[in-house]
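Fold and contact review
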Amino acid sequence: MSRKQLDRILLAVVALAAFGLPLVVTSPTYLQILILLFFYAYLTTAWNLVGGFAGVLPLGHSVFVGIGAYTSSILTLQYGVSPWIGMLVGGAIAAVIGVIIGLPTFRMRGAYFCLCTIAFAEGIRVMVENIDTLGPLKINGPRGLLVPLLKDPTFWDYQFMSKLPYYYIILVLLILVLAFTWFISRSKIGYYLAAGGEEPEAAAALGINVANYKLFAMALSCFLTALAGTFYAQLMLYFYPKGLMGLDLSFEIAFIALIGGRGTIAGPVIGALLLRPLNEFTRIYLSDMLPGLHLVIFGLILILVMIYLPKGLTAPLAALYDRLARKITGQGAAK
Amino acid sequence: MSNILEVTNLTKHFGGLTAVSSLDLHIKTGEILALIGPNGAGKSTVFNLVAGVFAPSEGVIKFAGQTTHGQKPWDLARLGLARTFQIVKPFGSKTVLYNVMVGAFLRTNSTQKAREIAEEVLVTLQLDHTKDMLAANLTIADRKRLEIAKALATDPKLLLLDEVMAGLRPTEVDDMIGIIRGLRDRGVTVFVIEHIMRAVMALSDRVVVIQFGQKIAEGSPEAVTKDENVIKAYLGGEYDAA
């Protein structure tokens, strides 16, 4: 058996397991936990296009989740447009706003860039909280939007009576976005993003317009992030600015990426697999004691990971898999 | 033979400081030109002006017959101007092959093709045994070679080498001289900044000497090292040329 075959078999097993999981997990509560796990893995993968490959640390991506949710929901509520269409409109708007935010901020480096993205994100959230109507659009300020429950929803309504379709929708979205980032990371764009993120001057000297590539990655990332916003709106059927567009969500995405492994394909999934259950159980069992304790625990984990595994959990796991694969395929350890 | 680079009346002010002042120089296609001068003479500023990092305060730079005013480093790279950095800038977290492929992607969109170009360049620079190493783990001599490899992978017409010999041991300097000669034989015009005079003497067809941003001498390596102004510049005014 060759290494390539082994990789394929492993991938197929993981994918099959993911598709078959609802056969075992039938409780809606646990299914919901899995759905949110995939949702976060998806968001972090989309974030990773900028935060991982392009080497900057944006901390305001919840705004784009919000833009997706608001756009598709307003279009559905006021104009009867299917959320499937609204989702794409939201993605396009998010991409444009992402580029507008990126134009001034990508000139900055390190902490200054982080702070600016936080400022932009919080600014937009506060604006949404204080706007009841924007022209003909009812935004409803801090009360948020309620997507009415339909009696006999069809697929076109992006609304389902059971959790199962949501599970498969987010699973397919996750697989698509993972395949997309895999493709990007092996193409010219991926090489150029990584080079520009690591040494912008050297990259420019090799013919790379670093700012343009970062903006392109930002547009892609924001577009994909907004699609998840529509998914969230249709899953929860209710959302409000503070819950959806706040810093909690932005930080959790960054936490998952940093702990899982920034700039790796599997990192967001591995990070979400570790942190999401932790988040859910600390919320269920510890939130009576102290709300927000889960973020403190995340912080502790992040500190430990950054000290002992600065590249995240993916690198050592990949090395372990490498060793196992060599044993199974019977190839020597020497290169 | 035509001139690949023509610099006329080049001047650059940084605030009150004039780093380069009314400099004229040209490079013929296929030659190796060395730019030398004491520390702080403005050599690297000249490189940065030619490579499009800074815009000149005055003067004209013509590359391959085209005025480069307003063109950014990435535009010039596409036109065939590549450079290395005095303080090497590898993409440290990536492998050597990855580093060189970034350069190779300038002339192709195919990952497969970029890998082929990169592997060929690595063989030229005798770096192929390091291709799977992380760039951050290379020795200083190999890092300097990697700088050249990245630049060479963009398939340049003119290559600016900024002190690629600095910090190398004498035998490594000899290897590097061989490599740079090999580049010229491949048809690349080379413009070097160098402090190691042995290398300048061995390599260059012509030498331009600058001090305080102004040209004080130009000519063959032998002529330039005997020039009174040059000796004064390096040793100080109180010494007479013997």
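Figured I'd write up the structure that's included with this text. (Residues numbered from 1 in each chain as written. Chains lettered and ligands numbered in written order. Predicted model: local features only at pLDDT ≥ 70, side-chain atom pairs only at ≥ 80, totals over all residues.)

**Considering the interface of chain A and chain B**
Contacts between the two partners involve 18 residues from chain A and, on the opposite side, 22 residues from chain B. Of all the secondary structure elements, the ones that give two or more residues to the side of chain A that touches chain B are α7 (188–198) and α8 (200–205) of chain A. Grouping the constituent residues of the side of chain A that touches chain B by class yields 9 nonpolar, 3 polar and 6 charged. (Contact = placed C-beta atoms within 7 Å. Helix = DSSP H or I, 4+ residues; strand = E, 2+ residues; numbered from the N terminus. Nonpolar A, V, L, I, M, F, W, Y, C, P; charged D, E, K, R; others polar.)

**Some points on the pairing of strand β2 (residues 17–28) of chain B**
Residues and elements named next belong to chain B. Alignment of strand β1 (residues 3–14) against β2, held across 8 bridges, turns out to be antiparallel. By the bridge assignment for β2, H13 is matched with T18. Counted along the chain from β1 to the antiparallel partner β2, the turn is 2 residues long, and its residue G15 has a positive phi close to 60 degrees. (Pairing = 2+ DSSP bridges.)

**So, the nonpolar core**
Of all hydrophobic cores here, the largest spans 169 residues; its most connected members are Y42 and I170 of chain A. By residue number, the principal contributor to this core is helix α9 (residues 210–236) of chain A, which donates 18 residues. A domain split of this core shows at least three residues from each of domain 1 (1–80 + 158–164 + 189–242) and domain 2 (85–155) of chain B. With residues up to four places along the chain from it excluded, the contact list for I170 of chain A reads I35, F38, F39, Y42 and F231 of chain A. (Core = buried A, V, L, I, M, F, W, Y, C linked by C-beta atoms within 7 Å. Buried ≥ 20, exposed ≤ 12 C-beta atoms within 10 Å, placed from the backbone. Domains from an automatic or database assignment.)

**Things to note about the sheet that holds strand β4 (residues 58–63) of chain B**
All names here are of chain B. Sheet architecture is open: 4 strands sit in the order β2-β1-β4-β5, paired in antiparallel fashion. Across the chains shown, the open sheet's two edge strands, defined by having one partner strand only, are β2 and β5 (66–67). Across 5 bridges, the pairing between β1 and β4 is antiparallel. The residue bridging V7 from the neighbouring strand is I61, located in β4.

**Examining the environment of P73 of chain B**
By the element assignment, P73 of chain B lies in helix α2 (residues 73–79). In the structure, P73 of chain B is positioned 150 residues away from A223 of chain B in sequence and 34 Å away in space, judged by C-alpha atoms. If we ignore the near neighbours within four places in the chain, the residues touching P73 of chain B are A204 and A205 of chain A together with A51, G52 and V53 of chain B.

**Looking at the sheet that holds strand β3 (residues 32–36) of chain B**
All names here are of chain B. Pairing within the open sheet is mixed, and its 6 strands lie in the order β6-β7-β8-β3-β9-β10. Every interior strand has two partners, whereas the edge strands, β6 (81–83) and β10 (214–219), have only one. Averaged over all pairs of adjacent strands, the angle between strand axes in this sheet comes to 20 degrees, irrespective of strand direction. (Axes fitted to C-alpha atoms, helices over the stretch in contact; angles between N-to-C directions.)

**Some remarks on helix α2 (residues 28–53) of chain A**
Residues and elements named next belong to chain A. With 26 residues, α2 should cover 38 Å at 1.5 Å per step; its first-to-last C-alpha distance of 36 Å lies within 8% of that length. Within α2, the axis deviates most sharply at W47, by approximately 50 degrees. Burial runs high along α2: 19 of the 26 residues are buried. Among the residues trailing α2, G55 stands out with phi positive, at a value near 75 degrees. (Expected span 1.5 Å × (residues − 1). Bend = angle between axes of the 7 residues up to and from the residue.)

**Observations regarding the environment of L5 of chain B**
Residues and elements named next belong to chain B. Among the secondary structure elements, L5 is positioned in strand β1. Using a count of 22 C-beta atoms within 10 Å as the deciding quantity, one classes L5 as buried. Distance in space between the C-alpha atoms of L5 and L183 is 18 Å, their sequence separation being 178 residues. Apart from residues no more than four positions distant in its own chain, L5 is found in contact with H26, I27, V50, F63 and L158.

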